[in-house]
Amino acid sequence: MLKTLFKKQFMELNQNFFKDSKTGKAKSKQSVIVSVSLFAVLMLFLVVCFWFVASSAFVSLNEAGLTWMYFSLMSLVALMLGVFGSVFSTFASVYQAKDNNFLLSMPIPAKYIVLTRVFGVYLMAVLYSGLIMVPTLLAYFVFGRPTLWGVISSLLLFLIITLWVTILSCL
């Protein structure tokens, strides 16, 4: 049952790609391909833009011995963008879900419903925070000299940022 709820939540997150919001009918395959392609190009463009910002910031702050400030600034930007980007989808999927009464009338534990909805919020947090944190970590891996502990702690930082974005978005 939990697998079905996760699948339903994932489809709900991506329904704009597959369903016309005005008519409620399914989009054509060509329209779906164009929508997904444009979204992928936009995300790639944003990652490249943030790569230039992250790489120049890392080089200059690392030369000054302020690597901690680099991670602090980029983490703060990722946190702000993540919360700003995912708070609207959180409101729609967690607090104003149209199928709550239907799902609660079924023999599904309420904790499963909440878990799948919060997991959808977490996926959005990974998407929006990842736009900043992936170039941030790549710049660190390319231009810095990360040790094993540096790699592990930077990946933990990404996990912590996404969890904080999820918590703040749900609040």
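On a predicted model such as this, the values are computed, not experimentally measured, just so you know.

Some remarks on the environment of K22
Part 1 of the reasoning: Within the element layout of this structure, K22 appears in the loop between α2 (15-18) and α3 (29-63).
Part 2 of the reasoning: Since its relative accessible area comes to 78%, K22 is described here as exposed.
Part 3 of the reasoning: Taking the C-alpha atoms as reference, K22 lies 46 Å from V142; in sequence the two are 120 residues apart.

Here's the deal with helix α4 (residues 67-95)
Part 1 of the reasoning: Its 29 residues place the ends of α4 39 Å apart at the C-alpha level, agreeing with the 42 Å of an ideal helix rising 1.5 Å per residue.
Part 2 of the reasoning: Of all the bends in α4, the largest measures some 35 degrees and sits at S86.
Part 3 of the reasoning: Listed in full, the buried residues belonging to α4 are T67, Y70, F71, M74, S75, A78, G82, G85, S86, T90, S93 and V94.

Things to note about the environment of K29
Part 1 of the reasoning: Assignment of secondary structure puts K29 in helix α3.
Part 2 of the reasoning: Since its relative accessible area comes to 69%, K29 is described here as exposed.

With respect to helix α7 (residues 148-170)
Part 1 of the reasoning: With 23 residues, α7 ought to run about 33 Å at 1.5 Å a step, and its terminal C-alpha atoms sit 33 Å apart, in line with that.
Part 2 of the reasoning: Residues of α7 that are buried include every one of G150, S154, F158, I161, T162, V165, T166, S169 and C170, and no others.
Part 3 of the reasoning: Contacts made by the buried residues of α7 are with α4 and α6 (110-143).

Rules used in this analysis
- Residues numbered from 1 in each chain as written.
- Predicted model: local features only at pLDDT ≥ 70, side-chain atom pairs only at ≥ 80, totals over all residues.
- Heavy atoms only, no water.
- Helix = DSSP H or I, 4+ residues; strand = E, 2+ residues; numbered from the N terminus.
- Buried < 20%, exposed > 50% of the residue type's maximum accessible area, 1.4 Å probe, protein only.
- Expected span 1.5 Å × (residues − 1).
- Bend = angle between axes of the 7 residues up to and from the residue.
- Contact = heavy atoms within 4.5 Å.

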